[in-house]
Amino acid sequence: MSIKTSEPRLTLPQLLARLEPIVTEVIDLHAEAVDREARFPVETIAALGKAGLLGLVTPAEHGGLGLGVVEAAQVVHRIAQSCGSSGMVVCMHYCAALVLAATGDAETNQAIARGEHLSTLAFSEVGSRSHFWAPVSTATAEGDAVRLDAQKSWVTSAGRTASMVWSSRPLAADGASTLWLVPSGAPGVRVVGNYDGLGLRGNASSPVVAEGALVPASARLGPDGGGFDLMMGVVLPCFNACSAGVSLGLMEAISARSAAWCAGVRYAHLGSALADLPTIRAYLAKMRIQTDMTRGLWLDTHQALSEGRPDTMLRVLEVKAAAGESALTVASLGMRVCGGAAYRREVGVERMFRDAQAASVMAPTTDVLYDFIGKAVTGLPLF
Ligand SMILES: Cc1cc2nc3c(=O)[nH]c(=O)nc-3n(C[C@H](O)[C@H](O)[C@H](O)COP(=O)(O)OP(=O)(O)OC[C@H]3O[C@@H](n4cnc5c(N)ncnc54)[C@H](O)[C@@H]3O)c2cc1C
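Quantities reported herein were computed from a predicted structural model and do not represent experimental measurements.

Peer 1: It is not clear to me how the sheet that holds strand E1 (residues 121-122) should be interpreted in this structure. Could you clarify?
Peer 2: Strand-to-strand pairing in sheets goes through backbone hydrogen bonds, with the strands running parallel or antiparallel. Here we have four strands laid out as an open sheet, ordered E1-E4-E5-E8, and mixed in their pairing. Looking at which strands have only one partner, the edges of the open sheet turn out to be E1 and strand E8 (220-221). Strand direction decides the pairing type here: strand E4 (residues 163-168) and strand E5 (residues 178-183), joined by six bridges, are antiparallel. Bridged to Ser168 within E5 is Thr178. Running over the sheet, helix H6 (residues 227-264) touches E1, E4, E5 and E8 and is turned about 80 degrees from E5.

Peer 1: Before we go on, may I ask you to explain the sheet that holds strand E7 (residues 206-216) in this structure?
Peer 2: Spatially, E2-E3-E7-E6 is the arrangement adopted by the four strands of the open sheet, whose pairing is antiparallel. Two strands lie at the open edges of the sheet, namely strand E2 (138-142) and strand E6 (189-191), each paired on one side alone. Recorded for the sheet is a direction-independent mean angle of 15 degrees between the axes of neighbouring strands. Where E2 lies against strand E3 (residues 145-155), five bridges are found, and the strand directions are antiparallel. For Thr140, the partnering residue across the bridge sits in E3 and is Arg147.

Peer 1: Even after reading the chapter, I still don't get the environment of Cys238, so can you show me in this structure?
Peer 2: Within the secondary structure, Cys238 is located in helix H6. Distance from Cys238 to Ala96, taken between C-alpha atoms, is 9.5 Å for residues 142 residues apart in sequence. Beyond its immediate chain neighbours, meaning those up to four positions away, Cys238 contacts Val69, Ala72, Tyr94, Cys95 and Leu98.

Peer 1: Is there a simple way to explain the packing of helix H3 (residues 69-80) against helix H7 (residues 278-307) in this structure?
Peer 2: For any two helices packed against each other, one specifies the crossing angle of their axes together with the interaxial distance. At their nearest, the axes of H3 and H7 sit 9 Å apart, and the two run at 155 degrees to each other. The orientation of H3 with respect to H7, classified from their angle, is roughly antiparallel. Counted together, Val69, Val70 and Ala73 of H3 and His302, Leu305 and Ser306 of H7 form the full contact between these two elements. Residues belonging to the contact of H3 with H7 are distributed by class as follows: four nonpolar, two polar and no charged.

Peer 1: Just to check I follow, could you spell out the pairing of E3 for this structure?
Peer 2: A regular strand carries its side chains on alternate faces of the sheet. Following E2, the chain reverses through two residues before pairing antiparallel with E3; Gly143 in that reversal takes a positive phi of roughly 65 degrees. Strand direction decides the pairing type here: E3 and E7, joined by eight bridges, are antiparallel. Each residue of the ladder has a partner; that of Lys152, found in E7, is Val208.

Peer 1: Sorry if this is basic, but what is going on with the nonpolar core here?
Peer 2: Buried together is how nonpolar side chains tend to be arranged in soluble globular proteins. Judged by nonpolar contacts, the single largest core of 120 residues is most densely connected at Tyr94, Val165, Val182 and Cys238. Ranked by residues supplied to this core, first place goes to H6 with 18 residues.

Peer 1: Hey, could you run me through unusual backbone geometry in this one?
Peer 2: Most peptide bonds adopt trans geometry, and most residues besides glycine take a negative phi value. Residue Pro364 is reached from Ala363 by a cis peptide bond, and omega for that bond is -5 degrees. Along the chain, Pro364 turns up in the loop between helix H9 (350-356) and helix H10 (366-377). For Ala38, which is not glycine, the phi dihedral falls at a positive 45 degrees. By the secondary structure assignment, Ala38 is in the loop between helix H1 (12-36) and helix H2 (42-50).

Peer 1: Explain the site of the ligand to me, please; I cannot follow it from the model alone.
Peer 2: For the ligand, the set of nearby residues contains 25 residues, the closest of which are Arg129, Ser130, Trp154, Thr156 and Thr365. Of all elements in the fold, only E1, E3 and H10 reach the threshold of two or more residues within the shell around the ligand. Its residues assigned to classes, the shell around the ligand comprises 13 nonpolar, nine polar and three charged.

Peer 1: Hey, could you run me through the domain arrangement of the protein in this one?
Peer 2: Accessible area lost on assembly of the parts is the figure often given for the size of an interface. Taken domain by domain, the protein consists of domain 1 (12-118), domain 2 (122-224) and domain 3 (228-377). Each of domain 1 and domain 3 has a C-alpha centre, and the two are 21 Å apart. Of the residues lining the interface, 21 residues belong to domain 1; the matching set on domain 3 comes to 22 residues. Those elements that provide at least two residues to the side of domain 1 that touches domain 3 are H3 and helix H4 (84-103). A total of 10 residues in the side of domain 1 that touches domain 3 trace back to one element, the largest contributor, which is H3. Per-class residue counts for the side of domain 1 that touches domain 3 are 14 nonpolar, five polar and two charged.

Peer 1: Before we go on, may I ask you to explain the packing of H3 against H4 in this structure?
Peer 2: Where H3 contacts H4, the axes come no closer than 7 Å and their chain directions differ by 160 degrees. Relative to H4, H3 is oriented roughly antiparallel. In this structure, the crossing between H3 and H4 has a hand that is right-handed. Residues Ala72, Val75, Val76, Ile79 and Ala80 of H3 lie in contact with H4, whose contacting residues are Gly84, Ser86, Gly87, Val90, Cys91 and Tyr94. Here the residues of the contact of H3 with H4 are counted per class, giving eight nonpolar, three polar and no charged.

Peer 1: What should I look at first to understand H4 in this one?
Peer 2: Residues lying three or four places apart along an α-helix face the same way, a consequence of the helix completing one turn every 3.6 residues. Here H4 contains 20 residues, and its C-alpha end-to-end distance of 29 Å stays within 8% of the 28 Å for a straight helix at 1.5 Å per residue. When you tally the buried positions in H4, you get 18 out of 20 residues, the bulk of the element.

Peer 1: Please explain the confidence of the model for the protein as it appears in this structure.
Peer 2: Fine structural detail should not be taken from predicted coordinates in areas where pLDDT scores are low. Chain-level statistics for the protein give a pLDDT mean of 96 and a share of 98% at 70 or above. Confidence over residues 1-5 falls short of pLDDT 50; this stretch has 13 contacts with residues more than four positions distant or in other chains.

Conventions and cut-offs
Residues numbered from 1 in each chain as written. Predicted model: local features only at pLDDT ≥ 70, side-chain atom pairs only at ≥ 80, totals over all residues. Pairing = 2+ DSSP bridges. Helix = DSSP H or I, 4+ residues; strand = E, 2+ residues; numbered from the N terminus. Contact = placed C-beta atoms within 7 Å. Axes fitted to C-alpha atoms, helices over the stretch in contact; angles between N-to-C directions. Parallel < 35°, antiparallel > 145°, perpendicular 65-115°, else oblique. Nonpolar A, V, L, I, M, F, W, Y, C, P; charged D, E, K, R; others polar. Core = buried A, V, L, I, M, F, W, Y, C linked by C-beta atoms within 7 Å. Buried ≥ 20, exposed ≤ 12 C-beta atoms within 10 Å, placed from the backbone. Near = placed C-beta within 6 Å. Domains from an automatic or database assignment. Left-handed = near helix turned anticlockwise from the far one by under 90°. Expected span 1.5 Å × (residues − 1). pLDDT = per-residue confidence, 0-100.

In structure tokens, the structure reads:
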């Protein structure tokens, strides 16, 4: 579907109304199989592309919806209530698309707006692990082209995207990194193996290597040595708000499924429901409180981002840590109150429990965020 540039800017309710039938008619239908078969959610991505939702953060001048981080986080949150893998794929796409909106060429942005170009981030490396801001991979001038050599440790949607927003050491400038637009099919770029993770099993987060991969000099995104600023200024707010959206979506789904299960399941010999046990009700209450507290911080982060509040960066750092950790708590409680039935997949919280484990170890990891937040509140520089 081609998106008209004259399309009026969608409000959040209109955006979510456009998404809702995709969730109920497509994503819900495939979520179990995506997890069980560790299958990339092709149907989800096709449906989102057709509805113009892959172009959510792409500027209207290129045919996109011209919306921002807050709307991206809301979309990812709704998707994750149904399928965590799809939520993470879309989260990574929005982060990459925002970098491309700021620094990419018109053709790529137009393809994203048309729903024909999925992208992702290729930041994490074997050498610097979760310290994504410090790539050790190289970019070397080779005639008119640039040669990339890298061992990327995790790339969501590896081999499934049209492009990757790729980090390397700078070509010649000072600075921690430079970003590049790398086509997934570029000669010398290779996906290494299939993803076989504990959770988010459909998100295809495989390692990717570049061995003498050549890209044109024009593939550079932003200035040489300017990668760090793009990572911190563009990617971090989007990634943290969207990652928190995924965690919150999973928490919402686990809380709702657990409550429904406990209200419905009965002990025949007692003539009572699971929810008649005060212990079970107390755990359900803790899950609800943790979920609602996280939502409060997430929405306040949206407000900070929208208004450009002075505490925006602190909120951005806090929200991913809070949501990632809360998701671990809520998911564990969900498994507990639903008992052996949850362990055997009968309730549908086991998939989400596994999906919820990822956020706290995805960079910036919770422990790195704690360190950053601790530095921020004591007036120390973050780096
Ligand atoms: C499902 C999934 C999808 C992913 N998708 C992508 C993607 O699309 N693109 C991408 O670039 N990356 C992606 N990643 C990678 C991710 O962002 C991290 O880089 C990766 O999870 C880090 O794992 P590691 O084993 O290298 O961690 P390590 O760096 O070995 O960390 C191990 C532990 O040490 C802690 N630690 C490290 N440094 C500090 C510190 N300074 N202070 C305190 N504690 C510290 C960490 O918090 C962690 O608990 C993905 C990861 C997952 C799990």
